[in-house]
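# What the coordinates show
These are the residues of each chain, in order.
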Amino acid sequence: MRRKLIAGNWKMNMTPSEALELIEKLEGLVKNDEVDVCYCVPAIDIVPAVEAVKGSNVAIGAQNLYFEEKGAYTGEISAAMLTDAGVKYVIMGHSERRGYFGETDEDINKKLVKALEHKLIPIVCCGESLEQRQQGLTLSLIRDQIRTAFNGVSAADAADVVIAYEPIWAIGTGVTATSEQAEEVCADIRRYIAELYDEATAENIRILYGGSMNAQNAAELLSMADIDGGLIGGASLKTDFGSIVNYNK
Ligand code: PEP
């Protein structure tokens, strides 16, 4: 039985002091024994956020990492730095990083391998643009993204990875995929993992939906058989996040 994961992606929001205020505001609202909860915070907020969530059910995630072990990579953050700081999850391949910073499937593959080497739980994002959906390319494009990202990753490691299906047209737009659209893609991702690996790996891997998930639509999306949680942008900065975590109450 896969545990649901509700992960907030704070993006480039919240200074360190604002982060502490938000964590305090959400503290009593995000308790749910049946759900894993995580805040993927800006790099500068990681250290105070890890301290602030100590003893609670909330884990801290990063929004990026660099795939080299260490060295002359000004401005980058390594997997070892993240684990030493107490980070549990790390997002990679978010469409904003692909779009604004040129992150490729090959980069994501290197990041995935490095994160797994350091026992971080990767949240690998994939998703299609509106144009690609209209051209009927969604499933093949996402299969391509997944195949390249998982290149060289063993079945044992793959089972621990989290995949987030995030249609680009639904991110930050207020337009949510219908539960049927989201389920169709998440189910196909699971089928593809079974083809790449085996049924057991496909059964264990967690697949999230992301794209304008909110307190109103979360319960329906999360009731779908192959949707194991949500990656939440805008609504993760508000008390609504507590309602999403408690979608089943
Ligand atoms: C995201 O950035 O991963 C996301 C899903 O954003 P939003 O919930 O704001 O659409």
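This part takes up the sheet that holds strand β5 (residues 121-126). Taken in spatial order, the 8 strands of this closed barrel run β1-β2-β3-β4-β5-β6-β7-β8, and their pairing is parallel. This sheet shows a mean twist of 25 degrees between the axes of neighbouring strands, independent of strand direction. Where helix α9 (residues 179-196) meets the sheet, its contacts fall on β5, β6 (162-165) and β7 (206-210), and the angle it forms with β6 comes to roughly 145 degrees.

Quick look at the pattern of salt bridges now. On inspection of all chains with the given rule, the structure shows 18 salt bridges. Two residues, glutamate 103 and arginine 97, come together in a salt bridge whose shortest N-O distance is 3.2 Å. Among the residues examined, glutamate 103 registers a relative accessible area of 7% and is labelled buried. Owing to a relative accessible area of 24%, arginine 97 belongs among the partly exposed residues under this scheme.

A word on the environment of valine 90. Relative to the helices and strands, valine 90 is located in strand β4 (residues 89-92). In sequence terms valine 90 and isoleucine 60 are 30 residues apart; their C-alpha atoms lie 8.8 Å from each other.

About the criteria used
- Residues numbered from 1 in each chain as written.
- Predicted model: local features only at pLDDT ≥ 70, side-chain atom pairs only at ≥ 80, totals over all residues.
- Heavy atoms only, no water.
- Pairing = 2+ DSSP bridges.
- Helix = DSSP H or I, 4+ residues; strand = E, 2+ residues; numbered from the N terminus.
- Axes fitted to C-alpha atoms, helices over the stretch in contact; angles between N-to-C directions.
- Contact = heavy atoms within 4.5 Å.
- Salt bridge = Lys/Arg side-chain N within 4 Å of Asp/Glu carboxyl O.
- Buried < 20%, exposed > 50% of the residue type's maximum accessible area, 1.4 Å probe, protein only.

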